[in-house]
Amino acid sequence: MDQKGKKVIKISVRSLVEFVLRSGNIDNRRTSGAEKDAMQAGNRIHRKIQRRMGADYHAEVSLKYATEREQYQILVEGRADGVIKRPGETIIDEIKGVYMDLGQMDKPVDVHLAQAFCYGYMYAYHHSLEKIGIQLTYCNIETEEIRRFKEEKTLAQLRDWFENLIREYEKWAEYLYCHEISRNDTLKMLEFPYVYREGQKELVVAVYRALSRGRNLFIQAPTGIGKTLSTVYPALKSMGEGRGDKLFYLTAKTITRSVAEECFGLLKERGLYFSTVTITAKEKLCPMDRTECNPDACSLARGHFDRVNEAVFDIIHKESMITRELVLKYSTHYQVCPFEFCLDISNWVDGIICDYNYVFDPEAKLKRYFSEGVSGEYLFLIDEAHNLVHRAREMFSAVLVKEDFLTVKRILKGRAAKVERGLERCNKKLLEMKREGGELGEGKVKSVFGIRQGEYRILEDANLFVDHLMGMFGELERFMEEPEGERDFPDRDTVLDFYFQVRHFLNMYEGLDDHYRVYTEVEAEGKFSLHLFCIDPSRCLAECLDKGVGSVFFSATLLPVLYYKKLLSGNTEDYAVYAASPFPRKNRMLLIGRDVSSRYTRRNQGEYRKVVDYIFQVTKSHRGNYMVFFPSYQFMKEVEKELCEQYDGSFTWRMQEGGMTEPERESFLKDFEAGRDKSFVGLCVLGGIFSEGIDLKAERLEGVIIVGIGIPMVCTEQEILKEYFDDHMENGYDYAYQYPGMNKVMQAAGRVIRTSEDRGIILLLDDRFLRPEVQGMFPREWSEYAPVTRNTVAGWLKRFWDG
């Protein structure tokens, strides 16, 4: 609210001009050099140019302008890169760092000029200037060549231009104003839709308190307690009281996005007025056989920006829960790209349900919310947060393979001589690193290790190689921007993929710090690669989370919570809640087989037969559906061989296959039917697609057998993790192996008890589960268990099922 009590609708200069003035086609054949700032490297160039300017240059000048309407105010704000104040002359300077050849530019990019016009009008208005200079400064990031475009505008000219711009935006501002009033009225009256389960109200209060205070909260809560509703409801109440204006519900899997949609749907039935959109991956929305986003290959891309605003305005006025199906329906009607349409819808809704990468991934995140200088009253609900550690490491890591440089060089032979020479220099440098075990000069080799898969070397840096890489990338950027680069040629997609890999590598190298390790690896087949491995992603995640007001990380497996605090938020003082299971302990039996092991050194026919014996005992004790989780596909296949040899017809089974399609997964889960005449066993891989995110209630699943303690295989990255945390005074083995392993075990075990009526058994097969250090990672609900052998397990099972 402003001083008069009016609602203030804020929008940044960049967002305003990019939204109102956009037109034309989507064309992914163009790289980002001409159209967008070149990410972190561009920011560095901004600062460098600003430092070079004289005393009459004022950098990063904050500007704002309010347009009054009867019931609300539109506040446009931003920061001019520079204001040059000389006697009798004032100039607004807008700086853009790009990779493209500046010699090809004959005028500034329209949206860049529009930004400068906005800043020019604001500055001239507030300082009562009759006229003002408008300057666009373009700088090539690689060569630091500068080209400027300058013109002069009167205050009257800029006023007319700016008022036209605001008039185009006004109907959208009117929508935001009216929508928010209706939304907040229902949020204040919204009540929890059910009687609270045991511990659920305390969970709701903890979430509300954390978000109200602008703090992060970590929740360890068992499956079935209602985590989704227990986090969404207090977040909505917080928004209703003015603490937050957009809710992000972040998930790792499609099925949990469906759960979130159902939760909002339930609350809508109780009177909630709240709009959401579910962002679906481009590949799942695109109606074309190939996702070629250009006007020649796709009619939806042709003129997309001429039609999309009308489509958005229509859907936000008619729909409140915007799903994939609705996005496809409206995009077909308006003939717009469904994916880009979906992203634009997100600007105008209250809640966004999406995958982690749309918030955190530097290549996929929604830059309209998370680019530098942009922030908002965002609330983050992060479901299945245990997955975020691994996913974040993947997002913020980068790798380049030496052989790819030669492949791209062959493709471009005779087409781009400068790019070819750059590729050759990079390849030569990588070859030196491969032969010498590191770079010459700065990039000293810190350590060398050998593992079964090959050899890796940890380096202090890769500065010399990156210098060559930047030079090559600048030439590649120019080639891809030239008309020649736009033409189709054989394997163009391979070159484009390589372009994005290099760009990502350079962007990640820009942010390199002690949370990373730089290493080279020679794989067993001789391939050589250079890696930037993000070990601790907390700083990178915080750059996005800090743009909001509060975050809730929740999962059934956030143990030990200190591990997740360190790697996700980086703040060990964040709030944490352990929600006890509301379900009767008598409904679950935990057994530990102490006469079997899955250790790599003990994997033999005798151990496989022991596992088979346990499977027979479980299936005979009670007719039902069971899942058996194995440490690897190979282990699972060896056990299945023994099953085939000993099979007596008393039960049936089906084995998980590698690379199963969505229909094959659904078919697999349909086999878990209630009321079978004999037991059914699903053979699955621990940590795989059936380890979490599936919901088989009551008799559809009555027990799981988990073989092994889940520790990852020894590999390069796990060993680097171990060494890193050892160096940082932590138990490296726990961080690299034990914690991720136990997480997979607990996720698989969580498939059994989903409701208060469910009954089932959890059988852990590995004598290491009896070790104190392993049991120290058990959830509280596992405090009671029975050690068993093949000779005693039948009695325990009979006692439970007869119980």
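All of these numbers come straight from a predicted model, not from anything done at the bench.

### Let's talk about the overall build of the protein chain
Next up, step 1: A count of helical and extended segments in the protein chain gives 28 helices and 26 strands.
Next up, step 2: Whereas a compact globule of 803 residues would reach a radius of gyration of roughly 28 Å, the protein chain reaches 29 Å, a difference of no more than 12%.
Next up, step 3: Referenced to the eigenvectors of the C-alpha coordinate spread, the extents of the protein chain come out at roughly 95 × 70 × 50 Å.
Next up, step 4: Burial statistics for the protein chain: of 803 residues in total, 56% are counted as buried.
Next up, step 5: Considering only contacts within the protein chain whose residues lie at least 6 apart along the sequence, 77% involve residues at least 24 apart.
Next up, step 6: Just so you have it, the protein chain exposes about 34,200 Å², and 47% of that area is on carbon and sulfur atoms.

### Remarks on the environment of Thr 716
Next up, step 1: Secondary-structure assignment places Thr 716 in helix α25 (residues 716-727).
Next up, step 2: Residue class for Thr 716 comes out buried when judged on its relative accessible area of 4%.
Next up, step 3: C-alpha separation for the pair Thr 716 and Tyr 456, spaced 260 residues apart in sequence, amounts to 7.1 Å.
Next up, step 4: A polar atom in the side chain of Thr 716 sits 2.4 Å from the side chain of Glu 521.

### Some thoughts on the confidence of the model for the protein chain
Next up, step 1: This prediction gives the protein chain a mean pLDDT of 91; 94% of its residues lie at or above 70.
Next up, step 2: Between residues 438-443, whose pLDDT stays under 50, and residues either more than four places distant or in other chains, the model counts 21 contacts.

### Focus on the sheet that holds strand β20 (residues 588-593)
Where strands meet in a sheet, backbone hydrogen bonds hold them as pairs that are either parallel or antiparallel.
Next up, step 1: Here seven strands make up an open sheet; going across it, the order is β22-β23-β21-β24-β25-β20-β26 and the pairing parallel. At either end of the open sheet lies a strand with only one pairing partner, and these are β22 (651-655) and β26 (786-788). Averaged over all pairs of adjacent strands, the angle between strand axes in this sheet comes to 20°, irrespective of strand direction.
Next up, step 2: Sheet topology note: the strand β24 (residues 703-707)/strand β25 (residues 760-765) ladder contains five bridges and is parallel. Bridge pairing links Ile 706 to Leu 764 in β25.
Next up, step 3: Helix α24 (residues 662-670) contacts β21 (625-630), β22 and β23 (679-685) of the sheet and is inclined by roughly 160° relative to β22.
Next up, step 4: Helix-sheet contacts for helix α26 (residues 732-749) involve β21, β24 and β25, and the interaxial angle to β24 is about 160°.

### Some points on the environment of Val 349
Next up, step 1: You can see Val 349 is positioned in the loop between α11 (338-345) and β11 (351-355).
Next up, step 2: The exposure class of Val 349 is buried, given its relative accessible area of 3%.
Next up, step 3: Separated by 73 residues in sequence, Val 349 and Thr 276 have C-alpha atoms that sit 5.5 Å apart.
Next up, step 4: Beyond its immediate stretch of four places on either side in the chain, Val 349 contacts Lys 246, Ser 275, Thr 276, Val 277 and Ile 322.

### Remarks on the pattern of salt bridges
Next up, step 1: Throughout the structure, instances matching the rule amount to 48 salt bridges.
Next up, step 2: For Arg 257, the salt bridge goes to Asp 355, with nearest N and O atoms at 3.8 Å. Of the two residues, Arg 257 is situated in helix α7 (residues 254-269) and Asp 355 in strand β11; the sequence distance between them amounts to 98 residues. Asp 355 carries the same exposure label as Arg 257, and that label is buried.
Next up, step 3: Salt bridges here are not isolated pairs; linked through shared partners, they connect Arg 599, Arg 602, Glu 607, Lys 610 and Asp 767.

### Overview of the packing of helix α9 (residues 304-318) against helix α10 (residues 324-334)
To characterise two packed helices, one gives the angle between the axes of the helices and the distance between these axes.
Next up, step 1: Here α9 crosses α10 at 135°, and the two axes come no closer than 10 Å. When the interaxial angle is binned, α9 and α10 end up oblique. For the element pair α9 and α10, the recorded crossing hand is right-handed. Counted together, Arg 307, Glu 310, Ala 311, Asp 314, Ile 315 and Lys 318 of α9 and Leu 326, Tyr 330 and Tyr 334 of α10 form the full contact between these two elements.

### Describing α7
Next up, step 1: With 16 residues, α7 should reach 22 Å at 1.5 Å per residue; the first-to-last C-alpha distance of 23 Å fits that figure.
Next up, step 2: Listed as buried for α7 are Thr 256, Arg 257, Ala 260, Cys 263, Phe 264, Gly 265, Leu 266 and Leu 267.
Next up, step 3: Elements in contact with the buried residues of α7: α6 (227-240), β8 (246-251), β9 (276-278), β10 (321-322) and β11.
Next up, step 4: Note on α7: the residue one or two positions beyond its end, Gly 271, has a positive phi of about 105°.

### A word on empty space enclosed by the protein
Next up, step 1: Throughout the structure, instances matching the rule amount to three cavities of 30 Å³ or more.
Next up, step 2: Along its surface, the largest cavity is lined by 18 residues, and Pro 222, Arg 588, Gly 750, Glu 781 and Trp 782 are the ones closest to its centre.
Next up, step 3: The residue makeup of the lining of the largest cavity, split by class, is ten nonpolar, six polar and two charged.
Next up, step 4: The space that makes up the second largest cavity amounts to roughly 100 Å³.
Next up, step 5: In terms of lining, the second largest cavity is formed by 14 residues, of which the most central are Cys 286, Glu 292, Cys 293, Cys 298 and Cys 337.
Next up, step 6: Taken together, the residues of the lining of the second largest cavity break down into ten nonpolar, one polar and three charged.

### Some thoughts on the packing of aromatic side chains
Next up, step 1: Overall, the coordinates contain 55 aromatic pairs when judged by the stated rule.
Next up, step 2: Measuring from centroid to centroid gives 6.0 Å for Tyr 121 and Tyr 125, while their planes differ by 40°, and the two rings are tilted. Of this pair, Tyr 121 and Tyr 125 are both found in helix α3 (residues 110-126), four residues apart, which corresponds to roughly one turn of the helix.
Next up, step 3: Take Tyr 121: its relative accessible area is 1%, and that puts it in the buried class.
Next up, step 4: By relative accessible area, which is 40% here, Tyr 125 ends up partly exposed.
Next up, step 5: Site record: aromatic cluster; members linked through ring pairs are Tyr 563, Tyr 564, Tyr 724, Phe 725, Tyr 735 and Tyr 739.
Next up, step 6: We note Lys 171 situated over the ring of Phe 313; from NZ or CZ to the ring centre the distance is 4.4 Å.
Next up, step 7: Against the face of Tyr 578 rests Arg 780, its NZ or CZ located 3.8 Å from the ring centre.

### A short note on the side chain of Asn 743
Next up, step 1: Inspection of the secondary structure assignment puts Asn 743 in helix α26.
Next up, step 2: Classification of Asn 743 as buried rests on a relative accessible area of 6%.
Next up, step 3: Look past the residues within four positions of Asn 743 in its chain and what remains in contact with it is His 386, Thr 557 and Tyr 564.

### Notes on the pairing of strand β18 (residues 550-555)
Next up, step 1: Across the six residues of β18, six count as buried, placing the element largely inside the fold.
Next up, step 2: When strand β7 (residues 216-220) meets β18, the two strands line up parallel, connected through five bridges. From the neighbouring strand, Phe 218 faces β18, where its bridge partner is Phe 553.
Next up, step 3: By the bridge criterion, four bridges tie strand β12 (residues 378-382) to β18 in an arrangement that is parallel. By the bridge assignment for β18, Phe 380 is matched with Ser 551.

Rules behind the numbers
- Residues numbered from 1 in each chain as written.
- Predicted model: local features only at pLDDT ≥ 70, side-chain atom pairs only at ≥ 80, totals over all residues.
- Heavy atoms only, no water.
- Helix = DSSP H or I, 4+ residues; strand = E, 2+ residues; numbered from the N terminus.
- Rg over C-alpha atoms; globule rule 2.2 N^0.38 Å.
- Buried < 20%, exposed > 50% of the residue type's maximum accessible area, 1.4 Å probe, protein only.
- Contact = heavy atoms within 4.5 Å.
- Areas by Shrake-Rupley, 256 points an atom, 1.4 Å probe, with all protein chains shown as cover.
- Polar contact = N/O pair within 3.5 Å; in protein donor to acceptor, adjacent residues only side chain to side chain.
- pLDDT = per-residue confidence, 0-100.
- Pairing = 2+ DSSP bridges.
- Axes fitted to C-alpha atoms, helices over the stretch in contact; angles between N-to-C directions.
- Salt bridge = Lys/Arg side-chain N within 4 Å of Asp/Glu carboxyl O.
- Parallel < 35°, antiparallel > 145°, perpendicular 65-115°, else oblique.
- Left-handed = near helix turned anticlockwise from the far one by under 90°.
- Expected span 1.5 Å × (residues − 1).
- 1 Å grid on protein atoms, 1.4 Å probe; cavity = no way out; pocket = protein on both sides within 12 Å on 5 of 7 lines; lining within 4 Å.
- Points joined across faces, edges and corners; volume = space filled by probe spheres on them.
- Nonpolar A, V, L, I, M, F, W, Y, C, P; charged D, E, K, R; others polar.
- Phe/Tyr/Trp six-rings, centres within 6.5 Å; stacked < 30°, edge-to-face > 60°.
- Lys NZ or Arg CZ within 6 Å of the ring centre and 35° of its normal.

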